[in-house]
Protein chains: 2
Amino acid sequence: MELQDIKSPKDIKGLNYQELEHIASQMREAVLNRTSQIGGHVGPNLGAVETIIGMHYVFDAPIDKLVYDVSHQAFPHKMLTGRVDGYLNRDDFSKVGEYTSPVESPEYDLFYAGHTSPALSLCVGIAKARDLKKDNYNVVVLVGDGALSGGEAFEGLDAGGALNSNLICIINDNQMAIAENHGGIYKHLQHLRETNGTASDNLFKSFNWDYVYVAEGNNVQKVIETLQKVKNTKKPTVVHINTQKGEGYTPAEEYREAFHYRDPYDIATGDLLKVSENDNSNKIFNEFIFRSCKKYPTFLFITSATPDDFGLNARERELLGEHYIDVGIAEQTAVSVMAGAAREGAKVVYGVVATFLQRAYDQLVEDWAMDPSPALMVVAETGINAIKDQTHLGFWDIPMITSIPNIVYLAPTNFEELEAMLEWGLAQDKYKVAVREPVFSKVHADYEVDKDYSDLNKFKVMKEGKDVAVIGVGDFFLKSQKVVELLAEGGINATLINPRFISGVDIELLNNLSKDHKLVVTIENGSVEGGFGQRVASALGTSGMKVLNFGLEKKFVDRYSVKDLEAEYNLLPEQIVATIQANL
Amino acid sequence: MELQDIKSPKDIKGLNYQELEHIASQMREAVLNRTSQIGGHVGPNLGAVETIIGMHYVFDAPIDKLVYDVSHQAFPHKMLTGRVDGYLNRDDFSKVGEYTSPVESPEYDLFYAGHTSPALSLCVGIAKARDLKKDNYNVVVLVGDGALSGGEAFEGLDAGGALNSNLICIINDNQMAIAENHGGIYKHLQHLRETNGTASDNLFKSFNWDYVYVAEGNNVQKVIETLQKVKNTKKPTVVHINTQKGEGYTPAEEYREAFHYRDPYDIATGDLLKVSENDNSNKIFNEFIFRSCKKYPTFLFITSATPDDFGLNARERELLGEHYIDVGIAEQTAVSVMAGAAREGAKVVYGVVATFLQRAYDQLVEDWAMDPSPALMVVAETGINAIKDQTHLGFWDIPMITSIPNIVYLAPTNFEELEAMLEWGLAQDKYKVAVREPVFSKVHADYEVDKDYSDLNKFKVMKEGKDVAVIGVGDFFLKSQKVVELLAEGGINATLINPRFISGVDIELLNNLSKDHKLVVTIENGSVEGGFGQRVASALGTSGMKVLNFGLEKKFVDRYSVKDLEAEYNLLPEQIVATIQANL
């Protein structure tokens, strides 16, 4: 049996261990084949090959339910469930996404599970439904690659431990999240590994689960023998499997963080095919962090497992020493640590990826916005040009953050403004400041940017005109500039505004526009619904001024082309101009 | 020393155990004195008296930092920090809130901490700031009353366990959250209690904390002796204290759930002074739940520790049997269990209090809205008439829920509509439906309400008029009706609309209004910013129609009078009418 011939999990049922090892080896090649060409998660999938073969060998999907958390380690599962072409043939790569997907495979992929830590709780739900249906299949969840540090995973262990029923949780312990793992629990996992699973004070047992340990998690026979023992158990059972992230591919074994997710690379060497440009916001973040660390004795940079998004590699993290804390994939805790440290006077920056900040909405409201804790939060990967998997969209940070009282959300439009806003946000002690990374606008200012943003909600007129005023928010200021240029070609001398603030509107400026403008246009790189532009529309509701709001729609979109989506959303400069002209 | 003479924690430092017991006894009387007259948390505070006396006796606040989670058990702390009058004198009750508050006491109250589970992480932040300042005070957090089931508490244990520094976590184990505790961990705590803290597989040790057990947590001497031993520790240390919820007051010891939070009652008997009316939405929820349980074999009602808000007492929960699951204070898990059970075909209802749903924003997006999991969520305690502590406001559920794709959010305006929307939401299998409890509109419909809501975003014209159209959202429909009546007295025959849907707008209807209306008015019992009305303003942005949005402001407000706040927000019917007239 060759990997390419596998159409469904049934095809591996009759194989012996040697044949399964052959499949495993072909799977590793397939992971490298795909990721080296179009990028993707390398290490997590290489490490999980034997575990997932074991799962499909021992359990009978789709009758038994197999769930992955986080599902970026589920490539081997996809290969066994009719999607192997997505790893073998370049033409078919785009048919298969990075995460499990009920659209790709309604039968075998129960959930997207693109964010870490929910799957144990999802499986408690499945187990409850099964029991209510008086059915008796196995519910199996693979949890790993850092997913165990997120609070919901512990809640799921807690809820699962209270079930008197079948629920099997495989802990894929590859000793890593994205960067190194942090937190007391990882010492505990290490202790369990070192004692072959016999250490006292077993976390999983304390949550009322049975516990089994597999030392050789990349040995398919050992995995299968263990899973066969726990199959059909009537008690919540943890199978703790020790695997190696990147197993079988030397560069990924050696540089585990770099090969967690990798842009296209040369398989022979592991080297990236294209080195990303230097003058990017990561560099600004990096320089800002080190500058601040020198300036403020109590400087603290907080990350929740994504230091790379802020330009910090392993060596730099070490240099920061006590001024750096990685709480693991635990955004709730990151926000609370930010609020706590700021309450005690530390100079705190929390750098977070927009989609993951969703996990800390309550902490933003209750621990940060409400408490006397000035601090600076930097929100990365926002808008249409950031992460394009539907599980990781940065489309909703504006509605989320701007509906919370007391948070000043700033949208820089270029590098210098980004830098100035970071500096101001950290220097001042009066406000809670969040800064939105301008993913799209990788440009330098050709004017002197303001250094002080304490005059809240003060929009800046960049060019005075009449009839039409275009408000270009953050990231999309460049696009707005283009719109104004095109309007000028059509004889319309439009006003161009950089609002800078997205958490409030400049009522005075908006009212003044009424004198010689007929239409106000907002263009933002985020959700229109609940966003900035709708606040402008509301503020101008009784003014007689027309308002047009451009932005992203309230829809999940997956692995889209930016240009196509912009066209669909009527966001290309020519389209915006046409709509403006039609409304004059 | 008498309780009333205590001005600061210093005043108890010289007392002997007998004198401290006298203070403890007076504290209990003070708790009853206040809560019996104006309502409040009874049991949690009675149980924590000796623990908190011990904390203030052994540690030196405000130099040592004392934090409470959840802070509704901190009445004794307030009594020792200059606020005892708030418990002794009726005239002073209103000066003191239910939770710790940095406004009430910037020195002694570090955070509001009105939601459970963040405080361990807040304290990790404090400890980091302390260490960066090269300071060396104690950081002490009292965690209890159910706060240990929330995911962030585990994250906090995880992050704390990685600190090489002083951090003392007192677990106030009163064996209860609001209702009984659920989840594997509570079996573990019970096991620890039964073995005097010596049980194997100690959860706290597995997170890398030192651990001490105090069996007699309502014995002030035992508490003090233990805390003295851990003071100035250089390692994260858990002190697990076994207390009795309601200790010292028989009705509260006996009816622990009823006395968790109690409306005004007779101290002698514990009986409520005023029995709440019968015809309320709790009763509708209760009847709906039992009706559905009969109708659907796979019916599942999920709560995250607030069954009472949905009319379910202990006996009824038992009647529901396997059709009921309380995941504890763990909303993330509740949403994922809902999504998981619905994915497998169960008929699922999750009943949740609006302010607590904030904790599950990410799960709403990633696990429910994105996955093929139809289910019904009921959102209680919304708007200005619900909970009035600033930590528990239900003002932001509309921005939160309506910015998420695929969730149909319905706002019933009366009992019959509520019932019809619940029935439809659960019967259908196509949509994810959320229903907003109409806290304000305790009225019956005088017309036949629709049974089917599958024609999404279809607004309903309740009365046709011209010039002005008033859209009265859910809860505030009654107010809108009043506004239309007042307008009629002034000669304006306004149109009155019940939108029913708040997650989308009826573009066709709005466009049709343009013919014979000049002004559209939206009135909603929720945040204007990011809310329903701003969507209407945006949709009408180029129509030439004027739009006025009424609703709540983006501000934290605490223990307000509804009437005063409505007046401040320009929401009294006469004010709304005046604003409308001024804009015609």
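Here, the structure is the one placed above.
Below or above, wherever it landed, is the structure these notes cover. (Residues numbered from 1 in each chain as written. Chains lettered and ligands numbered in written order. Predicted model: local features only at pLDDT ≥ 70, side-chain atom pairs only at ≥ 80, totals over all residues. Heavy atoms only, no water.)

Residue and element names in this part refer to chain A. With 13 residues, helix α18 (residues 477-489) extends 19 Å from end C-alpha to end C-alpha; this agrees with the ideal 18 Å at 1.5 Å per step. Taken together, the buried positions of α18 are occupied by Phe477, Lys479, Ser480, Val483, Val484, Leu486 and Leu487. Its buried side turned inward, α18 meets β14 (460-463), β15 (467-472), β16 (495-498), β17 (517-527), α21 (562-568) and α22 (573-582). (Helix = DSSP H or I, 4+ residues; strand = E, 2+ residues; numbered from the N terminus. Expected span 1.5 Å × (residues − 1). Buried < 20%, exposed > 50% of the residue type's maximum accessible area, 1.4 Å probe, protein only. Contact = heavy atoms within 4.5 Å.)

Time to look at the pattern of salt bridges. Overall, the coordinates contain 64 salt bridges over all chains when judged by the stated rule. Measuring nitrogen to oxygen at the nearest pair gives 3.0 Å for the salt bridge that ties aspartate 429 of chain B to lysine 347 of chain B. Separated by 82 residues along the polypeptide, aspartate 429 of chain B in the loop between α17 (415-427) and β13 (432-436) and lysine 347 of chain B in strand β10 (residues 347-353) bring together distant segments of the chain. Counted as one network, the salt bridges with shared partners bring together Lys78, Arg83, Glu104, Asp109, Asp558 and Arg559 of chain A. (Salt bridge = Lys/Arg side-chain N within 4 Å of Asp/Glu carboxyl O.)

Below, the discussion takes up helix α9 (residues 220-230) of chain B. Residues separated by three or four positions in an α-helix point in the same direction, a consequence of the helix having 3.6 residues per turn. All names here are of chain B. Of all the residues in α9, the buried ones are Val220, Val223, Ile224, Thr226, Leu227 and Val230. Viewed along the axis of α9, the buried residues span an arc of 165°, placing them on a single side of the element. On its buried face, α9 is in contact with α1 (17-38), α2 (43-58), β4 (167-173), β5 (210-214) and β6 (236-242). Two or three places before glutamine 221, at the start of α9, stands the capping residue asparagine 219, its side-chain oxygen 3.0 Å from that residue's backbone nitrogen. With its phi angle positive at about 65°, asparagine 232 sits one or two positions after the end of α9. (Arc of directions from axis to C-beta. Polar contact = N/O pair within 3.5 Å; in protein donor to acceptor, adjacent residues only side chain to side chain.)

Moving on, we come to the side chain of asparagine 498 of chain B. Residues and elements named next belong to chain B. Relative to the helices and strands, asparagine 498 is located in strand β16 (residues 495-498). A polar side-chain atom of asparagine 498 sits 3.0 Å from a polar atom in the side chain of glutamate 417. One polar contact links the side chain of asparagine 498 to the main-chain amide nitrogen of arginine 500, over a distance of 3.1 Å. In contact with asparagine 498, not counting residues within four places along its chain, are Ala411, Thr413, Glu417, Tyr447, Phe459, Lys460, Met462, Gly472 and Phe477.

A few words now on the sheet that holds β14 of chain A. Residue and element names in this part refer to chain A. Spatial strand order, β14-β16-β15-β17-β18: five strands in an open sheet with mixed pairing. Strands at the two margins of the open sheet, each flanked by one partner only, are β14 and β18 (546-552). Each neighbouring strand pair of the sheet contributes to a mean axis angle of 25°, computed without reference to strand direction. Examined bridge by bridge, β15 and β17 share six bridges and lie parallel to one another. Paired with isoleucine 471 across the two strands is threonine 522, which belongs to β17. Across the sheet, α18 is in contact with β14, β15, β16 and β17; its angle to β15 comes to roughly 160°. (Pairing = 2+ DSSP bridges. Axes fitted to C-alpha atoms, helices over the stretch in contact; angles between N-to-C directions.)

So, about the pairing of strand β12 (residues 407-410) of chain A. Residue and element names in this part refer to chain A. With burial as the criterion, each face of β12 is covered, one bearing Ile407 and Tyr409 and the other bearing Val408 and Leu410. Alignment of β12 against strand β13 (residues 432-436), held across four bridges, turns out to be parallel. Paired with leucine 410 across the bridge in β13 is valine 435. Between the parallel pair β12 and β13, the chain is carried across by helix α17 (residues 415-427), and the sense of this crossover is right-handed. (Right-handed = clockwise from strand over helix to strand, strands pointing away.)

Attention shifts here to the packing of helix α5 (residues 119-132) of chain B against helix α6 (residues 151-161) of chain B. All names here are of chain B. Their axes nearest at 7 Å, the elements α5 and α6 cross at an angle of 30°. As judged from the angle between their axes, α5 and α6 are roughly parallel. Residues Leu120, Ser121 and Val124 of α5 lie in contact with α6, whose contacting residues are Glu152, Ala153, Gly156, Leu157, Ala159 and Gly160. (Parallel < 35°, antiparallel > 145°, perpendicular 65-115°, else oblique.)

Think of interface size as the accessible area that goes away when the parts come together; that is how it is often given. If you look at the interface, chain A gives 107 residues, while chain B gives 107 residues. Roughly 8800 Å² of surface becomes buried between chain A and chain B when both sides are summed, with 56% attributable to carbon and sulfur atoms. Taken together, the links from chain A to chain B amount to eight salt bridges. With its nearest N and O atoms 2.7 Å apart, the salt bridge here joins glutamate 529 of chain A to arginine 535 of chain B. Between chain A and chain B we count 50 residue pairs in polar contact (both at pLDDT 80 or more) in total. No other element matches the nine residues that helix α5 (residues 119-132) of chain A contributes to the side of chain A that touches chain B. When grouped by side-chain class, the residues that make up the side of chain A that touches chain B number 44 nonpolar, 38 polar and 25 charged. (Buried area = accessible area lost by both parts, 1.4 Å probe. Nonpolar A, V, L, I, M, F, W, Y, C, P; charged D, E, K, R; others polar.)

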